[in-house]
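# Results of the structural survey
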There are 2 protein chains.
Amino acid sequence: MTDLPPDPWFSTLPATRREALLARARASTAAAGARVYGLGDPPDGLWAVAGGEVRLVSYPAVGMESVAMILGPGAWFGELSVIDGGPRPHDAVVVKPARLLHVGLAAVEQVAQAHPLLYRDLGVLICSRQRSALNFMAHSIAQPIGVRLARTLAGAARSSGGAELHVRQEDLAAMIGVSRQTINKELKALERAGMVQLAYGRIVVRDAQRLRTVGEA
Amino acid sequence: MTDLPPDPWFSTLPATRREALLARARASTAAAGARVYGLGDPPDGLWAVAGGEVRLVSYPAVGMESVAMILGPGAWFGELSVIDGGPRPHDAVVVKPARLLHVGLAAVEQVAQAHPLLYRDLGVLICSRQRSALNFMAHSIAQPIGVRLARTLAGAARSSGGAELHVRQEDLAAMIGVSRQTINKELKALERAGMVQLAYGRIVVRDAQRLRTVGEA
DNA sequence: CGCCAATTGTCAATTCGGCGACAATCTGCG
DNA sequence: CGCAGATTGTCGCCGAATTGACAATTGGCG
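Source: prediction; values computed, not measured.

Conventions adopted
Residues numbered from 1 in each chain as written. Chains lettered and ligands numbered in written order. Predicted model: local features only at pLDDT ≥ 70, side-chain atom pairs only at ≥ 80, totals over all residues. Heavy atoms only, no water. Disulfide = S-S within 2.5 Å. Buried < 20%, exposed > 50% of the residue type's maximum accessible area, 1.4 Å probe, protein only. Domains from an automatic or database assignment. Contact = heavy atoms within 4.5 Å. Buried area = accessible area lost by both parts, 1.4 Å probe. Salt bridge = Lys/Arg side-chain N within 4 Å of Asp/Glu carboxyl O. Polar contact = N/O pair within 3.5 Å; in protein donor to acceptor, adjacent residues only side chain to side chain. Near = heavy atom within 4 Å. Helix = DSSP H or I, 4+ residues; strand = E, 2+ residues; numbered from the N terminus. Nonpolar A, V, L, I, M, F, W, Y, C, P; charged D, E, K, R; others polar.

## Concerning the state of the cysteines
Applying the stated criterion across every chain yields a total of zero disulfides over all chains. The thiol of Cys127 of chain A is not disulfide-bonded; the next cysteine sulfur, from Cys127 of chain B, is found 9.5 Å away. For Cys127 of chain B, a relative accessible area of 0% corresponds to the buried category.

Here it is, written out as structure tokens:
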């Protein structure tokens, strides 16, 4: 079938619910630039990235972009609106040509009817989101930019699995909320310290362990 | 019994689950300064504020405090660790002498056994948290401080119900992550614009509508 | 290969917020 | 009332990040 790469959340689901979801999932492909859903849309179900890359982005002001999350193969998303029925909290846009799985809202409710604990599973998924959000807020406030950058890189390297991140410095700037020039300066500092290696449109994490402990007492 | 003030989340719960929770809740009182639970603690169940004030706070660096949320009468908290079983993501401290309700972990699981949809309810609760977190991240990044302050005030006025906020300017500074002096300057600007009224240890929101739209195109 | 667009690297001028300091004001309490 | 501690109001200096500009480098494509 549609092979879905392993994911910390999805692979811990009991097999019955995992298969129930997959059985009702429909595969599709989307070109770079396509919008899976937009801010304010009513919920249309759960999504998963089977291949390519999807980003959850907001536009705090005209001409400004804030990247909330970068989703690679295996990642599920869209659970928030499915749980509470409210409008989508941000845009989901395809950045690299993607293969997607889609479980419609009605299908999710069918699965939930048969397996009420699915709501607990979705709760666990959103808990992990909430934990990273809290982590972000607690550690980003009033921390020097170098520290924030280091932790963002360490987190991205972990969630993407690999040490080679395909992000532009401009994307990092959007995620952390500073200018590209400042990101460049801080990245250079991390490179001099041997923790990362910079290339064109690509950053290689050399020492994730040390990145995580930048700025500790 | 223990009268619990109305709350947007709790009052939308179906009566059966609401009463099931209340039936297993134990009331207690806590003095200002007491810690309900601490960062890293294993989950011990759900809590509600029946009276007084509880704050969820982190300490991003030694000597620095970040206030994630201010909880007044009616507010439930502690759901994150109850759902995913993970450690507490921050401290919960009593700021004003409080009456608390506590539903132990075992009791929550009993209720969930009888009413599996409780997990959906808890999911909805955490969704509202996640929405404000996303809102914070999207709108706080690279927005002028005056805008962030205005939105924080508008949000606090709504969630607390009243127009009179009992917060010190220093608390606002901790929430937004800037210095007290800067907060003071921005508050003065909002006061000159007639949107708020400042007093000792207290801020009266005069025009929540306009606060919300500060900084729009 | 050779060009073009995208991305990175770097600089100076300027703006914004932090920090220390101190006065003014308010509240609670003896 | 009168005092002490807490909170607010305001100033000036300084460091950090933004902005705008431009050169250098890289990758894709005809």
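## Regarding the domain arrangement of chain A
Residues and elements named next belong to chain A. Taken domain by domain, chain A consists of domain 1 (10-138) and domain 2 (143-212). With centres defined by C-alpha atoms, the gap from domain 1 to domain 2 works out at 25 Å. In this complex, domain 1 contributes seven residues to the contact, which on the side of domain 2 involves five residues. The contact between domain 1 and domain 2 buries some 570 Å² in all, and 50% of this surface belongs to carbon and sulfur atoms. Taking the shortest distance from any N to any O, the salt bridge between Arg55 and Asp171 comes out at 3.2 Å. Between the two partners, domain 1 and domain 2, sit one residue pair in polar contact (both at pLDDT 80 or more).

## Section: the protein's contact with DNA strand C
Near DNA strand C lie 16 residues; those nearest to it are Arg168, Gln169, Asn184 and Tyr200 of chain A together with Thr182 of chain B. The protein-proximal atoms of DNA strand C, defined as those within 4 Å of the protein, are 67% sugar or phosphate. Asn184 of chain A has a polar side-chain atom sitting 2.4 Å from a phosphate oxygen of DNA strand C. Contact between DNA strand C and Thr182 of chain B: a phosphate oxygen at 2.4 Å from a side-chain N or O atom of the residue. When residues of the surface near DNA strand C are traced back to their parent elements, those giving at least two are α7 (180-192) of chain A together with α7 (180-192) of chain B. Counting residues per element, the surface near DNA strand C draws most heavily on α7 of chain A, which supplies four residues.

## Examining the environment of Thr29 of chain A
Within the fold, Thr29 of chain A resides in strand β1 (residues 26-30). In this structure Thr29 of chain A touches Ala98 and Arg99 of chain A, once residues within four positions along its chain are discounted.

## Some remarks on the protein's contact with DNA strand D
Taken together, 17 residues surround DNA strand D, and among them Ser179 and Thr182 of chain A together with Arg168, Gln169 and Asn184 of chain B come closest. One of the side-chain N or O atoms of Gln169 of chain B is found 2.7 Å from a phosphate oxygen in DNA strand D. Here Lys188 of chain B contributes a side-chain N or O atom positioned 3.0 Å from a phosphate oxygen of DNA strand D. In terms of residues, the surface near DNA strand D owes the most to one element, α7 of chain B, which gives four residues. A breakdown of the residues in the surface near DNA strand D according to their chemical character gives five nonpolar, eight polar and four charged.

## Describing the interface of chain A and chain B
Of the residues lining the interface, 37 residues belong to chain A; the matching set on chain B comes to 37 residues. Interface of chain A and chain B: buried area, both sides summed, is about 3300 Å²; carbon and sulfur atoms make up 68% of it. For chain A, the biggest contributors to the area lost against chain B are Tyr119, Arg131 and Ile141 of chain A; these three give 19% of the whole. Our count for the contact surface shared by chain A and chain B stands at two salt bridges. With its nearest N and O atoms 2.8 Å apart, the salt bridge here joins Arg131 of chain A to Asp84 of chain B.

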